[in-house]
Amino acid sequence: MSVIDRLGKKLSSSSAVMRLISNDRVMQVATGIMDARGRFEAAAERASEAWSILLHGHALPTIDPALEGGDDVVSKAAPKSPAPAAHVATNGAATNGAAAHATTNGAATNGAASVEATTTEAPKPAGPGSAAEEKLAQQMASRTSLSRIGGRDVFEKCYKFMTADNARAMGVYPFFRPLDFNNGPEAQLEGRKVIMLGSNNYLGLTTHPKVREAAKNAIDKYGTSMTGSRLVNGSMRLHNELEQKLAAYHGKEAGLVFTTGYQVNIATISALLSNKKSVAVIDKDDHASIYDGVRLGQAAGARMVRYRHNDPDALDQALSELDTSEGALVITDGVFSAQGEIANLPGIVSVVKKHKARLLVDDAHALGVIGPGGRGTAAHFGVADQVDLIGGTFSKSLASIGGWLVGERKVLDYIQHFAYSFLFAASAAPPSVAAAMAALDVMQEEPERQEKLRENFTYMRNELRRLGFELGKTETAVIPIYIRDDLRTVMMWKTLLDEHSIYVNPFITPGVPPKQQVLRTSYMATHERHHLDRALEAFEKVGKKFGVL
């Protein structure tokens, strides 16, 4: 062995060196250096665009509101340059594995696998440690986004996107897998039964007889669709009845029903952030729908400030730096969809009141899970009367599709008259509204479901930690298992599914930041102990096989 080889071996085994190369900041710097050429090209392109604007007077382009990841509070003094879009998941897209922040070299990405491939044809399936597997790992680790590839053909970037095709060819593509059936704790995938640990059907109400019957009766009475927006022919007494029930359930003055949960944030935020004196102040780990709502607000001149995740002190600093003429809408998830962590709402409420701002809480993953009667985060902490707006989706505990918002009547009245994505979207279909209303009734009639859910996720959290898995700060039915490596996460997902028939959701970069890769698991009231114990046995075997335990 040469002197250089011996030196390299000694350095590679040094704990100090290992800590250095595994440090996220060091990796970000290294990545930036490697991508310098792409950054210079992008800068030149923007400079050319700016010069063209100066010459011809074209309107400035809309700037992506999401900023680069990091723990520093973003204040009004921060540079307003294009940066990566954060959180490309839906209010439930977490279940497709594409949720959480994209932080890829200053450009937005379209999902967990949206990275530029370095090959032009898919590798053939191969075993662990193969060249094809190593090639896929390199692609998954790439931080170069396709979104800035441009030219005469807007499809050019599409043809250069090979990562998904390569992963499919190797049999390790984890997303968009079509289920045959998904009826609760067990599902059927490609003809075989699997234990479902990747669903947000927290209370297991999608197959409840009363919920099914309500949807059937609504079809018989009202048909399948209103074929129009709420503004014109799409409103019906069924919508108003559910709105009243939701408002009463949350102790608020009024309610508003939307077609999707994603639309709730798009419509509400864009309607309220309507001018240059409006500022969205958001948790950096907020959901994709919140970022997209802010993006629409920015088109009207509003701006965005992000604060450190779940940190009231950072929120206080951010609000302190606003101009006295600016109005702030603070927005946070109640339960963060990837981490299962509950927002520090008492601290946030205190800061919001101090600065006379307004507060919107997205309770998509809290409704039915926490709080008295499943009323969510604000009720969990006893501060519901101090939260201005609470919204969420039907697609979790309410076993349907649609969205809801509750708050002051005048505020909701303004939103429904000024939010384009509400005004001009087809209304929620009668069977969907009826199913959600029945689920809301069952949730109150059968409180034991929430108790069983809490029993199940507490058992799994305790047992997974006992086995030695790292779970973060989860306190709810969402339990992330931190793997912190892209390829290992995908291979563990595949082994759990192929060898043990356990269905979970892998979150990999750039869908999540580096070193934050997880297997996201979620639990239901309808899981029985034998489902959970079988899953624990599989987790232990697979964890040991891949060196996580």
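A quick note: this is a predicted structure, and the numbers were derived from the prediction, not measured.

Rules used in this analysis
- Residues numbered from 1 in each chain as written.
- Predicted model: local features only at pLDDT ≥ 70, side-chain atom pairs only at ≥ 80, totals over all residues.
- Heavy atoms only, no water.
- Pairing = 2+ DSSP bridges.
- Helix = DSSP H or I, 4+ residues; strand = E, 2+ residues; numbered from the N terminus.
- Axes fitted to C-alpha atoms, helices over the stretch in contact; angles between N-to-C directions.
- Buried < 20%, exposed > 50% of the residue type's maximum accessible area, 1.4 Å probe, protein only.
- Right-handed = clockwise from strand over helix to strand, strands pointing away.
- Polar contact = N/O pair within 3.5 Å; in protein donor to acceptor, adjacent residues only side chain to side chain.
- Contact = heavy atoms within 4.5 Å.
- Phe/Tyr/Trp six-rings, centres within 6.5 Å; stacked < 30°, edge-to-face > 60°.
- Patch = residues over 30% accessible without salt bridge, like charges linked within 9 Å, V, L, I, M, F, W, Y side chains within 5 Å.
- Areas by Shrake-Rupley, 256 points an atom, 1.4 Å probe, with all protein chains shown as cover.
- Salt bridge = Lys/Arg side-chain N within 4 Å of Asp/Glu carboxyl O.
- Expected span 1.5 Å × (residues − 1).
- Arc of directions from axis to C-beta.
- Core = buried A, V, L, I, M, F, W, Y, C linked by side-chain atoms within 4.5 Å.
- Parallel < 35°, antiparallel > 145°, perpendicular 65-115°, else oblique.
- Nonpolar A, V, L, I, M, F, W, Y, C, P; charged D, E, K, R; others polar.

1. Topic: the sheet that holds strand β10 (residues 403–407)
Consideration 1: The strand order across the open sheet built from seven strands is β4-β10-β9-β8-β7-β5-β6, with neighbouring strands paired in mixed fashion. Across the chains shown, the open sheet's two edge strands, defined by having one partner strand only, are β4 (254–258) and β6 (303–307). The sheet shows a mean angle of 20° between the axes of neighbouring strands, taken without regard to direction.
Consideration 2: Where strand β5 (residues 278–283) meets β6, five bridges bridge the pair, whose relative direction is parallel.

2. Concerning the pairing of strand β8 (residues 358–362)
Consideration 1: With respect to burial, β8 is a largely interior element, four of its five residues being buried.
Consideration 2: Bridge count for strand β7 (residues 327–333) against β8 is five bridges, and the pairing is parallel. The residue bridging I331 from the neighbouring strand is L360, located in β8.
Consideration 3: Following the chain from β7 across helix α13 (residues 345–354) to the adjacent parallel β8, one finds a crossover that is right-handed.
Consideration 4: Judged from the three bridges that link them, β8 and strand β9 (residues 389–393) form a sheet pairing that is parallel. The residue of β9 that forms the bridge with V361 is I390.

3. What about unusual backbone geometry?
Consideration 1: One non-glycine residue, E190, lies in the positive phi region at around 50°.
Consideration 2: Mapping E190 onto the fold places it in the loop between β2 (186–189) and β3 (192–196).
Consideration 3: The class of E190 is exposed, set by a relative accessible area of 51%.
Consideration 4: In this structure, S501 takes a positive phi of about 55° despite not being glycine.
Consideration 5: Here S501 shows up in the loop between α19 (486–500) and β12 (502–503).
Consideration 6: Overall, S501 belongs to the buried group, its relative accessible area being 15%.

4. Some thoughts on the side chain of S278
Consideration 1: Position of S278 among the secondary structure elements: in strand β5.
Consideration 2: S278 sits in the buried class, given a relative accessible area of 7%.
Consideration 3: A polar side-chain atom of S278 sits 3.1 Å from a polar atom in the side chain of N275.
Consideration 4: Leaving out residues up to four positions away in the same chain, S278 has contacts with L272, L273, A302, R303 and G327.

5. Points about the sheet that holds strand β1 (residues 179–182)
Consideration 1: Strand order in the open sheet formed by four strands is β1-β2-β3-β12, and the pairing between neighbours is mixed. The open sheet has two free edges, formed respectively by β1 and β12, since each of these has just one partner strand.
Consideration 2: The pairing of β2 with β3 spans four bridges and is classified as antiparallel. Bridge assignment links Q188 to a residue of β3, and that residue is K193.

6. Some details on the packing of aromatic side chains
Consideration 1: For the structure shown, the criterion picks out six aromatic pairs.
Consideration 2: Ring centres 6.4 Å apart and planes at 80° place the aromatic pair F155 and Y159 in the edge-to-face group.
Consideration 3: Assessed through its relative accessible area of 47%, F155 is described here as partly exposed.
Consideration 4: Judged by relative accessible area, which is 57%, Y159 ranks as exposed.
Consideration 5: Each ring, one from F469 and one from F539, has its centre 6.4 Å from the other, and the planes form 75°; the classification is edge-to-face. Residue F469 is found in the loop between α18 (448–467) and β11 (478–482), and its partner F539 is found in helix α20 (residues 529–545); the two are separated by 70 residues along the sequence.

7. Concerning the side chain of S289
Consideration 1: Note on placement: S289 falls in helix α11 (residues 288–299).
Consideration 2: Taking relative accessible area as the criterion, S289 reaches 0% and is therefore assigned buried.
Consideration 3: A distance of 2.9 Å separates polar atoms of two side chains, one belonging to S289 and the other to N265.
Consideration 4: In terms of polar contacts, S289 uses its side chain to reach the side chain of H287, at 3.0 Å.

8. Things to note about a nonpolar patch on the surface
Consideration 1: Taken together, the side chains of L231, V232, Y420 and F424 define a hydrophobic patch exposed on the protein surface, amounting to about 510 Å² of accessible area.
Consideration 2: With respect to the helices and strands, F424 occurs in the loop between α16 (420–423) and α17 (430–445).
Consideration 3: The exposure class of F424 is exposed, given its relative accessible area of 59%.

9. Details of helix α8 (residues 209–222)
Consideration 1: Between its first and last C-alpha atoms α8 spans 20 Å; for 14 residues at 1.5 Å apiece the expected length is 20 Å, and the two agree.
Consideration 2: Taken together, the buried positions of α8 are V211, A214, A215 and A218. Buried residues in α8, looked at end-on, bunch into an arc of 95°, giving them a common side. Those residues of α8 that are exposed and aimed more than 90 degrees away from the buried face are P209, K216 and D220.
Consideration 3: At the C-terminal side of α8, G223 shows a positive phi close to 90°.

10. What about the environment of G391?
Consideration 1: Turning to its location among the elements, G391 is positioned in strand β9.
Consideration 2: G391 sits in the buried class, given a relative accessible area of 3%.
Consideration 3: Residues G391 and L367 lie 24 residues apart in sequence; the distance between their C-alpha atoms is 9.6 Å.
Consideration 4: Sequence-distant contacts of G391, that is, excluding residues within four places in its chain, are made with V264, L360, V361, D362, D363, A364, W404 and L405.

11. Let's talk about the nonpolar core
Consideration 1: Counting residues in each nonpolar core, the largest one holds 106 residues, and the members touching the most others are V281, V330, L464 and F539.
Consideration 2: With ten residues, α17 is the largest single contributor of residues to this core.
Consideration 3: Those residues within four positions of F539 in sequence are excluded, and the remaining contacts are L197, M460, L464, F469, I481, L496, I502, V504, T521, Y523 and L549.

12. With respect to the packing of helix α10 (residues 261–272) against helix α15 (residues 409–418)
Consideration 1: Interhelical geometry of α10 versus α15 gives an angle of 100° and a closest axis separation of 9 Å. With respect to α15, the axis of α10 lies roughly perpendicular. Judged by residue contacts, T268, A271 and L272 of α10 engage Y414, I415 and F418 from α15.
Consideration 2: By residue class, the composition of the contact of α10 with α15 is five nonpolar, one polar and no charged.

13. A word on the pairing of β1
A regular strand carries its side chains on alternate faces of the sheet.
Consideration 1: Direction of pairing for β1 relative to β2: antiparallel, over a ladder of three bridges. Among the inter-strand pairings, F181 is bridged to a residue of β2, identified as Q188.
Consideration 2: Hairpin connection between β1 and β2: a loop of three residues separates the two successive antiparallel strands, and G184 in this loop has a positive phi of roughly 140°.

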